[in-house]
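# Structural features, examined
Here is what each chain is made of, one letter per residue.
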Amino acid sequence: MSPAAVAPPLSRTKRFVVAAVSAINDVACRSDGTVNRRLVSLLDARVAASAKPFRGVRTADVPVDLSRDLWFRLFVPSSVSDGERLPVIVFFHGGGFAFLSPDSYLFDDVCRRICRTVHAIVVSVNYRLAPEHRCPAPYEDGAHVLRFLDGGGLLYADPSAANLADLSSCFLAGDSAGGNIVHHVARRWAADADGGWKRVRLAGMVLIQPYFGGEERTEAELRLVGAPLVSVERTDWLWRAFLPEGADRDHEASNVFGPREVGELEEALPAAMVVVGGFDPLQDWQRRYYKGLRARGKSARLVEYPEAFHSFYAFPDLKQSAVLMEEIRSFVDSHRPRKEEDGERSGGGDKHSNIEEWKLFIE
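In this report, we go over the structure that sits alongside the text. Small disclaimer: the values here were computed from a predicted structure and weren't measured.

Thresholds, definitions, all that
Residues numbered from 1 in each chain as written. Predicted model: local features only at pLDDT ≥ 70, side-chain atom pairs only at ≥ 80, totals over all residues. Heavy atoms only, no water. Buried < 20%, exposed > 50% of the residue type's maximum accessible area, 1.4 Å probe, protein only. Helix = DSSP H or I, 4+ residues; strand = E, 2+ residues; numbered from the N terminus. Pairing = 2+ DSSP bridges. Right-handed = clockwise from strand over helix to strand, strands pointing away. Axes fitted to C-alpha atoms, helices over the stretch in contact; angles between N-to-C directions. Parallel < 35°, antiparallel > 145°, perpendicular 65-115°, else oblique. Left-handed = near helix turned anticlockwise from the far one by under 90°. Contact = heavy atoms within 4.5 Å. Nonpolar A, V, L, I, M, F, W, Y, C, P; charged D, E, K, R; others polar. Expected span 1.5 Å × (residues − 1). Arc of directions from axis to C-beta. Core = buried A, V, L, I, M, F, W, Y, C linked by side-chain atoms within 4.5 Å.

## Examining the pairing of strand β5 (residues 165–175)
Where burial is concerned, most of β5 is hidden: 11 out of the 11 residues are buried. As paired elements, strand β3 (residues 86–92) and β5 share seven bridges and run parallel to each other. Residue pairing in the sheet places I89 in a bridge with F171 of β5. In this sheet, strand β6 (residues 202–208) lies alongside β5 in parallel orientation, the contact comprising six bridges. From the neighbouring strand, G174 faces β6, where its bridge partner is L207. On the question of chirality, the crossover connecting β5 to the parallel β6 by way of helix α7 (residues 177–191) is right-handed.

## Points about the packing of helix α3 (residues 105–118) against helix α11 (residues 319–335)
Two elements in contact, α3 and α11, have axes separated by 9 Å at closest approach and are oriented at 50°. What the angle tells us is that α3 and α11 run oblique. In the packing of α3 onto α11, the handedness of the crossing is right-handed. Seen from α3, the contacting residues are V110, R113, I114, T117 and V118; seen from α11, they are S321, M325, E326, I328, R329 and V332. Here the contact of α3 with α11 is composed, by residue class, of six nonpolar, two polar and three charged.

## With respect to helix α1 (residues 12–28)
Taking 1.5 Å per residue as the helical rise, α1 with its 17 residues ought to reach 24 Å, and the 24 Å between its terminal C-alpha atoms agrees with that figure. Residues K14, V18, S22, N25 and A28 constitute the buried set of α1. The buried residues of α1 occupy one face: seen down the axis, they fall within an arc of 140°. Along α1, the residues that are exposed and aim more than 90 degrees away from the buried face are R12, T13, F16 and V27. Check the buried side of α1 and you find it contacts α2 (37–43), α9 (232–242) and β8 (300–309).

## Description of α11
The terminal C-alpha atoms of α11, which comprises 17 residues, lie 25 Å apart, in line with the 24 Å expected from a rise of 1.5 Å per residue. If you check which residues of α11 are buried, you get Q320, S321, L324, M325, E327, I328, F331 and V332. On an axial view of α11, the arc spanned by its buried residues comes to 160°, and they lie on one face.

## Remarks on the nonpolar core
The biggest cluster of nonpolar side chains holds 73 residues, and the ones touching the most others in it are F72 and V90. For this core, the element with the most residues is α7, which contributes seven residues. Setting aside residues up to four positions removed in sequence, F72 forms contacts with A60, D61, V62, V64, V123, S124, V125, N126, V145, F148, L149 and L154. If you look at the next biggest cluster of nonpolar residues, it comprises 39 residues, including F75, I89, F312 and L324.

## Quick word on the pairing of strand β7 (residues 272–279)
With eight of eight residues buried, β7 is to be regarded as a mostly interior element. Here β6 pairs with β7 via four bridges, running parallel. Paired with M205 across the strands is A272, a residue of β7. Relative to β8, β7 runs parallel, the two being bridged by seven bridges. In the strand pairing of β8, V274 is matched with L302. Running through helix α10 (residues 283–295), the crossover from β7 to the neighbouring parallel element β8 is right-handed.

## Considerations on the packing of helix α4 (residues 137–150) against α7
For the pair α4 and α7, the least separation of the axes is 9 Å and the interaxial angle reads 55°. Put simply, α4 runs oblique to α7. When you trace α4 past α7, the crossing you get is right-handed. On α7, the residues that touch P138, Y139, G142, A143 and L146 of α4 are N180, I181, H184, V185, R188 and W189.

## Remarks on the sheet that holds strand β4 (residues 121–126)
Strand order in the open sheet formed by eight strands is β1-β2-β4-β3-β5-β6-β7-β8, and the pairing between neighbours is mixed. Looking at strand neighbours, the two that pair on one side only are β1 (57–65) and β8, the edges of this open sheet. Direction aside, the axes of adjacent strands within the sheet are offset by 20° on average. Direction of pairing for strand β2 (residues 70–77) relative to β4: antiparallel, over a ladder of five bridges. The partner of R73 across the bridge, within β4, is S124. Along the sheet, α11 makes contact with β3, β5, β6, β7 and β8, crossing β8 at roughly 175°.

So this is what it looks like as structure tokens:
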């Protein structure tokens, strides 16, 4: 009997790309717990922001706190109707908390596709990376960006985008480590949702193959040895680099519903869409997260792609990647507040109304 497959059939080109990324990751992660940033910078292709629309989307880089290199890349659809208000998706990129950024080619492309498919404004956050900045640095950075948006920062940075942005229809989205960040930033928002936020209302969370873990070795981690990109050796190294010194993988940042779970989930925590791939060694942790939300009375939807490996969405020519974009669009559309619920904050009206509302808000 032939051994069970640990990866779906991939073209030679995709196998090469996956192998190259894995090799770079292994070389860049030093045995002393540091990252070879020079090597990573040579191999991480970057894309500059462009005010000229490309593939139906314009981009701009917006500083938030330069003292900690906190900024975001703004993605805005180039074709918008007069008076239209767009949902805002705050996106956190993957990379094991240690690699990549919003201007990495991979995530510039992913966010561009989300922006175009969902017809939404995307805010892709450049959070601080481990091991130089450990937990909870990216969670704090994510919450800080929400405060920036809540305080009218977008009006000064990009008035035309501010005029389109419907912050009462705000979603958090992220892949892998970014999915983990989504959960923890959403909890920080929800803990202060009763009067602590003036503009930002979280309507949903999209966690794409989120990076959760624990001390236990799950069935999928043991079965999918040799799967593309993810291995227990790599994830163990990344957890050691990210978690507080001396913490193990049952820390509440990684094993959120584990033995050290911190408090009850906030009542305002929004609905979640959790994406799982059948060839992802992290899938058991992802399903446990989904079940944990449901067991605690939260609205959650599980979306499974049996033939998908970790980071499949980075390959736009894969059928599952295109389907995922449509799933995100459907989730956002179905969870946007209805106009009768939030009045004019949800859209419509004169094309200058949002700018005037912002000015009144920040004065």
